[in-house]
Amino acid sequence: MRSNLYVLGFMSSVTIILGILLSLAATSLKEKQDLNIQLDIKKNILRSLGIPKDRSQKLSPDEVHTLFDEKIKTIRINEQGEEDPQGKLTVYVKMENGKPDGYAIPVSGKGLWSTIYGYLAIEPDGETVKGITFYKHGETPGLGGEIEKDWFTSNFVGKQIVDKNGKTVGIHIVKGKVNPNDKDAAHKVDGISGATMTGKGVTRFLEKDILMYAPFFQRIRAGVN
Ligand SMILES: Cc1cc2nc3c(=O)[nH]c(=O)nc-3n(C[C@H](O)[C@H](O)[C@H](O)COP(=O)(O)O)c2cc1C
């Protein structure tokens with residue numbers, strides 16, 4: 001018979017050793033997860049800006065990092081929309097032959113079940129949507145989860161964030177289909193059936209974020225940035 005002390009000592013050692021192994025595994029996994037998150041963010045910024053042109057093309061991690069370093073200039077802007085290293089807002093500028101070819105801004109807010117994160121890209125004219133991606137959310141697959149699909153995001157391309165009076169407006173996700181005769185059709189996209197609540201959430205936070213960046217895009221349109 002082993003003594004109680006022996007059993008207790010053995011159990012404690014096993015517990016401590018397994019604990020150390022587990023925490024080592026968690027730390028090394030955490031690093032890997034952080035790298036994957038960074039990769040996913042870069043991939044989505046590029047996608048919102050139309051890279052790669054062929055939407056079905058899959059980029060390898062190396063290609064994502066290389067394209068991001070080559071094409072994207074990250075700038076900070078302040079609340080007046082001026083470039084300012086101390087500014088709180090971030091803009092990812094796609095550069096083509098030394099000139100800006102689109103601006104991606106982070107967008108996020110509540111859907112139905114979760115906080116949704118994405119990037120909205122605007123053309124160099126400062127008013128036309130170049131693209132949009134949603135990369136992190138907990139909406140239901142097949143319902144609210146459809147926001148991340150190309151059939152939904154492609155409807156945003158070409159929409160306008162400025163109305164006929166020069167006022168900055170959001171992009172509204174309607175219930176059902178957009179009526180092409182609607183005078184505001186340039187600011188509206190088709191909804192996802194069975195996901196009206198997710199659509200309402202996205203509409204709300206897109207407006208909030210577009211208005212936050214309105215001074216920046218006003219400066220772009222005026223040619224002063
Ligand atoms: C299991 C379950 C998951 C749902 N997931 C979503 C969702 O992700 N987004 C959403 O807007 N509605 C979701 N709904 C539906 C909402 O409760 C609501 O019915 C819907 O937003 C109404 O959209 P409709 O008017 O287009 O039918 C879900 C419903 C159920 C039962």
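Our subject in this report is the structure included herewith. The structure presented is a predicted model; accordingly, all values stated were derived computationally and were not measured. Residue positions within a chain follow its written sequence, with the count starting from 1. In keeping with the model being predicted, local features are shown solely for residues with a pLDDT of at least 70 and side-chain atom pairs are shown and tallied solely at 80 or more, while totals for entire chains, interfaces and linings include all residues.

## Overview of the sheet that holds strand β4 (residues 115-122)
Put simply, the test is: DSSP bridges decide pairing: two strands pair if at least two such bridges lie between them. Secondary structure follows DSSP: runs of H or I at least 4 residues long count as helices, runs of E at least 2 residues long count as strands, and numbering of each begins at the N terminus. Where helices are involved, their axes are fitted lines through C-alpha atoms of the stretch in contact, as for all axes, and angles between N-to-C directions lie from 0 to 180°. Residues are treated as contacting if the C-beta atoms built from their backbones sit within 7 Å of each other.
With respect to topology, 5 strands assemble into an open sheet ordered β1-β2-β3-β4-β5, the strand pairing being antiparallel. The open sheet has two edge strands, β1 (72-77) and β5 (129-136), and neither has a second partner. Looking at each pair of strands side by side, their axes are set apart by 25° on average, direction ignored. As judged from the 6 bridges shared by β4 and β5, these two strands associate in the antiparallel manner. Pairing of I122 across the sheet is with V129, part of β5. Running over the sheet, helix α4 (residues 196-212) touches β2 (89-96), β3 (99-110) and β4 and is turned about 130° from β3.

## What about the environment of I171?
Definition in use: Every C-beta atom is placed from the backbone, and the number of other C-beta atoms within 10 Å of a residue's own sets its class: buried at 20 or more, exposed at 12 or fewer, partly exposed in between.
Mapped onto the fold, I171 is located in the loop between α3 (150-153) and β6 (172-173). In this structure I171 comes out as buried when scored by C-beta crowding, with 21 C-beta atoms within 10 Å. In this structure I171 touches V129, F156, K159, I161, H187, V189 and L206, once residues within four positions along its chain are discounted.

## Points about the site of the ligand
Here is the rule we go by: For each residue, a C-beta atom is placed from the backbone, and the residue counts as near a molecule or strand when that atom lies within 6 Å of it. For this classification, Asp, Glu, Lys and Arg are treated as charged, while Ala, Val, Leu, Ile, Met, Phe, Trp, Tyr, Cys and Pro are nonpolar and the rest, including Gly, are polar.
Surrounding the ligand, one finds L112, W113, E139, T140, L143, G144, S193, G194, A195, T196, M197 and T198. Here the shell around the ligand is composed, by residue class, of 5 nonpolar, 6 polar and 1 charged.

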